[in-house]
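# Working through the structure, step by step
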Amino acid sequence: MTATLVDRLGRQVRDLRISVTDRCNFRCVYCMPKTVFGRDYPFLQRAELLSFEEIARIARLFVAQGVRKIRLTGGEPLLRRDIERLIGLLAAIPGLELTLTTNGSLLPQRARSLRDAGLQRVTVSLDALDDDVFKRMNDVDFPVAQVLAGIAAAEAAGLTPVKVNTVLKRSVNENQILPLARHFRGSGHVLRFIEYMDVGSSNGWRMEDVVPSGEVVRRIGEVFPLEPIDPNYPGEVAERWRYVDGGGEVGVISSVTQAFCSSCTRIRLSTEGKLYTCLFAQEGHDLRQLLREDRTDEEIAAAIGTLWSARGDRYSEIRTAATAAARKIEMSYIGG
Ligand code: SAM
Ligand code: SF4
Ligand code: SF4
């Protein structure tokens with residue numbers, strides 16, 4: 001029997017985001033700046049990671065308590081060895097939507113095996129079409145052509161519709177808004193622009209670096225007229241816009257300028273088994289210890305229930321300069 005959990009603000013638990021690695025082959029300036037994530041950075045060691053069986057067990061307990069969607073993330077999830085085996089375990093859980101967020105670098109060779117394992121869709125992060133700008137964002141000289149090839153491979157494998165996420169940083173890639181919009185118009189892929197957030201403590205976030213979604217919609221609309229459309233489901237975080245001429249849709253995610261905490265149904269599981277009830281949490285709740293102490297499913301489910309019932313997070317609604325400066329967990333660790 002399914003009993004959906006409800007938190008202190010009346011929000012149900014619906015989406016579980018699982019980070020499967022804290023490592024990445026990119027060093028995006030807004031996420032894993034090289035100055036912090038250098039050669040000596042203390043990434044997690046193998047024994048610290050949850051095993052695939054441990055992850056699948058937690059996933060089943062969440063589904064029994066109302067979760068309907070699981071997103072695999074990281075770091076770069078395709079760097080976790082044999083991720084297809086985990087996907088197979090999760091795909092066997094009935095009633096679940098299963099997706100993955102990736103930088104796309106390994107999709108050309110992996111899209112088919114991911115699909116065969118049971119993955120339904122992918123979201124690909126792509127911050128520029130121009131090669132120089134893209135390389136400035138990923139900071140490892142990675143060519144944009146390979147990510148575009150990854151998107152094509154995902155489409156060919158049936159991981160559709162592909163969503164493409166672009167984080168905008170003022171003066172760094174804002175000149176890519178129109179080229180990206182033009183490129184993905186009519187492609188069947190859904191492009192979404194995301195406001196740069198003050199996640200973690202290492203990216204040096206400043207409000208001046210945020211390009212507000214209102215400005216993005218205005219800039220695209222001046223060239224390709226847009227009209228708003230209804231959300232796909234209540235609580236969808238992306239605001240949807242349609243090209244008036246029939247060129248498909250584009251979305252904006254206004255995490256900073258228009259907080260959506262009141263409908264936030266997400267919970268996050270870190271690579272080492274800590275649960276976070278908010279992207280901006282300062283502390284997680286250790287499930288790995290419970291798993292490795294041989295606790296029963298009922299005991300672990302009760303711990304999850306207690307945590308969600310006590311949840312009152314609404315960070316983006318109460319963000320101030322002081323909260324933005326507080327020490328928080330890193331995006332590459334919690335997975336976005
Ligand atoms: N490596 C994968 C990728 O890049 O898609 C998955 C993990 S990444 C942390 C997940 C998403 O978080 C990406 O779309 C990335 O652009 C976004 N992200 C990272 N840091 C961010 C920030 N400070 N503000 C907004 N989005 C951010
Ligand atoms: Fe890696 Fe994704 Fe972070 Fe970029 S956004 S550094 S690809 S984890
Ligand atoms: Fe959800 Fe926290 Fe983001 Fe608000 S700030 S939408 S509660 S994750």
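All of the points below concern the structure found in this document.

### Things to note about the overall build of the protein chain
- Along its length, the protein chain carries 11 helices and 12 strands.
- Computed over the C-alpha atoms, the radius of gyration of the protein chain is 19 Å, within 12% of the 20 Å expected from 2.2 N^0.38 for a compact globule of 336 residues.
- The principal-axis extents of the C-alpha atoms in the protein chain amount to approximately 60 × 45 × 40 Å.
- Burial analysis of the protein chain (336 residues in total) assigns 55% to the buried set.

### Some thoughts on the site of ligand 1
- Residues in close proximity to ligand 1 total 17 residues, the closest being Y30, G75, T101, S125 and M197.
- Contact distances for ligand 1 include 3.0 Å between a nitrogen atom and a backbone N or O atom of G75.
- Within the side chain of E76, a nitrogen or oxygen atom sits 3.3 Å from a nitrogen atom of ligand 1.
- Expressed as a share of its isolated accessible area of 540 Å², the protein-covered part of ligand 1 is 93%.
- Residues that form the shell around ligand 1 fall into these classes: 6 nonpolar, 9 polar and 2 charged.

### Quick word on the nonpolar core
- Counting residues in each nonpolar core, the largest one holds 107 residues, and the members touching the most others are I70, L72, F193 and I220.
- Per-element accounting of this core gives the leading share, 8 residues, to helix α1 (residues 52-64).
- What I220 contacts, discounting residues up to four positions off in sequence, is I177, L178, A181, F193, L226, Y243 and V250.

### Quick notes on the pairing of strand β6 (residues 190-195)
- The element β6 is largely enclosed, with a buried count of 6 among its 6 residues.
- In this fold, strand β5 (residues 163-168) hands off to helix α6 (residues 177-184), which returns the chain to β6; that crossover is right-handed.
- Inspection of the sheet shows β6 paired to strand β9 (residues 249-253) by 4 bridges, in the parallel sense. Counterpart to L191 in the pairing with β9 is V250.

### What to know about α1
- A rise of 1.5 Å per residue sets the reference length of α1, with its 13 residues, at 18 Å; its end C-alpha atoms lie 18 Å apart and thus fit the reference within 8%.
- Taken as a whole, α1 has its buried residues at F52, E54, I55, A56, I58, A59, L61, F62 and V63.
- Taken from the residues just after α1, G66 is the one with a positive phi, measuring 120°.

### Concerning the site of ligand 2
- All residues adjacent to ligand 2 are C24, F26, C28, C31, M32, G75 and N103.
- Per-class residue counts for the shell around ligand 2 are 5 nonpolar, 2 polar and no charged.

### Considering the pairing of strand β10 (residues 266-269)
- Both faces of β10 are covered, namely the face carrying R266 and R268 and the face carrying I267 and L269.
- Relative to β10, strand β1 (residues 15-19) runs parallel, the two sharing 4 bridges. Residue pairing in the sheet places R17 in a bridge with R268 of β10.
- Once β10 ends, the chain turns through 4 residues before running back antiparallel as strand β11 (residues 274-276), passing G273 with a positive phi of about 90°.

### Some details on the sheet that holds β11
- One open sheet accounts for 12 strands, arranged β7-β8-β9-β6-β5-β4-β3-β2-β1-β10-β11-β12; its pairing is mixed. In this open sheet, the two strands that pair with only one neighbour each are β7 (226-229) and β12 (285-286).

### A look at the packing of aromatic side chains
- The final tally for this structure, using the stated rule, is 8 aromatic pairs.
- Ring geometry for Y276 and Y333: centres 6.1 Å apart, planes at 90°, overall edge-to-face. Of this pair, Y276 sits in strand β11 while Y333 sits in helix α11 (residues 331-334), and the two are 57 residues apart along the sequence. Y333 carries the same exposure label as Y276, and that label is buried.
- R185 extends its terminal NZ or CZ atom over the ring of Y243, reaching a point 4.7 Å from the ring centre.

### A word on the pattern of salt bridges
- For the coordinates displayed, the defined rule picks out 23 salt bridges.
- Salt-bridge contacts for D245 lead to R185; the nearest nitrogen and oxygen are separated by 2.8 Å. Taken as a pair, D245 in the loop between β8 (239-243) and β9 and R185 in the loop between α6 and β6 lie far apart in primary sequence, 60 residues in all.
- The class of D245 is exposed, set by a relative accessible area of 56%.
- What makes R185 partly exposed here is its relative accessible area of 22%.

Here is what the cut-offs are and how they apply
- Residues numbered from 1 in each chain as written.
- Chains lettered and ligands numbered in written order.
- Predicted model: local features only at pLDDT ≥ 70, side-chain atom pairs only at ≥ 80, totals over all residues.
- Heavy atoms only, no water.
- Helix = DSSP H or I, 4+ residues; strand = E, 2+ residues; numbered from the N terminus.
- Rg over C-alpha atoms; globule rule 2.2 N^0.38 Å.
- Buried < 20%, exposed > 50% of the residue type's maximum accessible area, 1.4 Å probe, protein only.
- Near = heavy atom within 4 Å.
- Polar contact = N/O pair within 3.5 Å; in protein donor to acceptor, adjacent residues only side chain to side chain.
- Areas by Shrake-Rupley, 256 points an atom, 1.4 Å probe, with all protein chains shown as cover.
- Nonpolar A, V, L, I, M, F, W, Y, C, P; charged D, E, K, R; others polar.
- Core = buried A, V, L, I, M, F, W, Y, C linked by side-chain atoms within 4.5 Å.
- Contact = heavy atoms within 4.5 Å.
- Right-handed = clockwise from strand over helix to strand, strands pointing away.
- Pairing = 2+ DSSP bridges.
- Expected span 1.5 Å × (residues − 1).
- Phe/Tyr/Trp six-rings, centres within 6.5 Å; stacked < 30°, edge-to-face > 60°.
- Lys NZ or Arg CZ within 6 Å of the ring centre and 35° of its normal.
- Salt bridge = Lys/Arg side-chain N within 4 Å of Asp/Glu carboxyl O.

These figures capture arrangement, not role.
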